[in-house]
Amino acid sequence: MGKLTVAVAGATGYAGGEALRILAQHPNFEVTCVAGHSSAGQSFAPFAPHIPQLAGLTVQDSTPENLNGHDVIILALPHGASGALAAQLDPDSIVIDLGADHRLEEKSAWDAFYGGDFYEHWTYGMPELIIGKNPDGSYKRQRECIPGVKRIAGPGCNVTATTLAMQPGIAEGLVDPKGIVADLVVGYSGAGKSLKKPYLLASEALQSALPYSVAGKHRHIPEILQNFAHAAGLSAADADRFTLGFTPILAPMSRGILATVSAPLTDKAKDLSDAQIRDVWLHAYEGQQFICVLPEGMLPATANVLGSNAAHIQVAVDRNSQRLYVFSAIDNLNRGTAGQAIESLNIALGLDESTGLTKIGVAP
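Fair warning: this is a prediction, and the values are worked out from it, not measured in the lab. (Residues numbered from 1 in each chain as written. Predicted model: local features only at pLDDT ≥ 70, side-chain atom pairs only at ≥ 80, totals over all residues. Heavy atoms only, no water.)

Student: What am I meant to see in the environment of P222 here?
Tutor: With respect to the helices and strands, the residue P222 is situated in helix 7 (residues 221-231). As a C-alpha pair, P222 and S39 span 183 residues in sequence and 33 Å in three-dimensional space. Residue contacts for P222: discarding those within four places in its chain leaves L104, A109 and F113. (Helix = DSSP H or I, 4+ residues; strand = E, 2+ residues; numbered from the N terminus. Contact = heavy atoms within 4.5 Å.)

Okay, here's the thing in structure tokens:
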């Protein structure tokens, strides 16, 4: 296979920039178009000095005319911005939406949390997602749905950390589906690049932690519940069988998500030893090369996954409260967004899914 051409819309944002960082060293792709809106006509060099290979490109306007004609088109745009644009893109190009417009399967969920036009659900780009079981008891994976597709919806970053943490417990009936709670410490790049108070002013963000979109308002909640339903072998219409208390907390770090996801143990889980419960996660992620269940007693840390497509996971059982705790750490821009998208793109094209990606973090 010769190199495929790639256009990235939203190239000057954090998600688009991370996609370009990965693509710049990917052996099968050549970035031939970087697109934006307010930055159109400017040299790309000052927007991404960390990617010198792309310094000679000029930012184009994010129009169908500029994006079409490329083998791959990546849309790193705010929610609501990619749906109408995507409808005008070449059906023969592979299009990956890093935003929310094509993630949800149920219009009612979109209306409740986003509003505006509802767009067709695309193939979901989380290869490790459990989507039920085969007759022999082995897991079905979303990976099986991706080869050959032309439209891929990239998952949300908080969604990724929460889903990967708890889906084995849901698939095996170890947790009460009505008692799931997720608390996430999130790096500021997860809030986007626009300057706004009180989130993105250094004088207010440094030395401080701040919860946001609390009390059931965060837009990633319906996507997480959709994934939980699939992990249980159910349809998205059955997502109301699950509830999720969800609290993201901005912390003064550029990248990373540390998720603490917990739920009451079911009677089935109470009859298992801690080691047997841990074995469920080891079995669920056996052979999933980017998912690392850490050695017993070692807890995930965001510093260990920065710059990588890896997810670090640990399981703990609190017998006093009869709750199961699962911790996960990811890089929100890589595993949570662009890295996962490139992993799915590789699968869609029949490449090894790890091509151009790493599970090696940057430490310290």
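Picking up after the structure, the text goes on.
Student: Before we go on, may I ask you to explain the pattern of salt bridges in this structure?
Tutor: When their charged atoms lie close together, side chains carrying opposite charge are able to pair. A complete count under the given rule lists 11 salt bridges for this structure. Among the salt bridges present, the one from K133 reaches E172, with a minimum N-O distance of 2.9 Å. Placement of the pair is K133 in strand 7 (residues 130-133) and E172 in the loop between helix 5 (157-171) and strand 10 (180-186), with a sequence separation of 39 residues. According to the relative accessible area criterion, K133 is partly exposed, its value standing at 36%. Note that D238 and R241 form a salt bridge whose closest N and O atoms lie 3.7 Å from each other. One network of salt bridges, in which partners are shared, links E18, R21, R255 and D331. (Salt bridge = Lys/Arg side-chain N within 4 Å of Asp/Glu carboxyl O. Buried < 20%, exposed > 50% of the residue type's maximum accessible area, 1.4 Å probe, protein only.)

Student: Explanation requested: the sheet that holds strand 2 (residues 29-36) in the structure shown.
Tutor: Picture the strands of a sheet paired through backbone hydrogen bonds; they go either parallel or antiparallel. If you trace the seven strands from one edge of the open sheet to the other, you get 3-2-1-4-5-9-6, paired in parallel fashion. Taken across any chain shown, the strands that pair with only one partner, and hence form the sheet edges, are strand 3 (59-61) and strand 6 (123-124). The sheet contact formed by strand 2 and strand 3 spans three bridges and is parallel. Paired with A35 across the strands is Q60, a residue of strand 3. (Pairing = 2+ DSSP bridges.)

Student: Hey, could you run me through the sheet that holds strand 11 (residues 210-211) in this one?
Tutor: Strand order in the open sheet formed by seven strands is 11-12-10-13-16-15-14, and the pairing between neighbours is mixed. The sheet is open, and its two borders are formed by strand 11 and strand 14 (291-293), each paired with just one other strand. Bridging between strand 11 and strand 12 (residues 244-250) involves two bridges; their strand directions are antiparallel. Directly across from P211, in strand 12, lies its bridge partner I249. Across the sheet, helix 9 (residues 274-284) is in contact with strand 14, strand 15 (311-318) and strand 16 (323-330); its angle to strand 15 comes to roughly 155°. (Axes fitted to C-alpha atoms, helices over the stretch in contact; angles between N-to-C directions.)

Student: Would you mind going over the nonpolar core with me for this structure?
Tutor: Counting 53 residues, the largest nonpolar core has F228, I277, W281 and L324 as the members making the most contacts within it. Residue contacts for F228: discarding those within four places in its chain leaves T162, T163, M166, I170, I180, F242 and L244. In this structure, A19, V31, F44 and L357 belong to the second largest nonpolar core, which totals 34 residues. (Core = buried A, V, L, I, M, F, W, Y, C linked by side-chain atoms within 4.5 Å.)

Student: Which parts of the structure should I look at to understand helix 7?
Tutor: Along an α-helix, residues three or four positions apart point the same way, because every turn accommodates 3.6 residues. Most of helix 7 is tucked away, with 11 of its 11 residues classed as buried. Of all the positions in helix 7, only I221, P222, E223, I224, L225, Q226, N227, F228, A229, H230 and A231 are classed as buried. Where helix 7 is buried, its residues touch helix 4 (107-113), strand 6, strand 7, helix 5, strand 10 and strand 12. Directly beyond the C-terminal end of helix 7, a positive phi value near 80° is found at G233.

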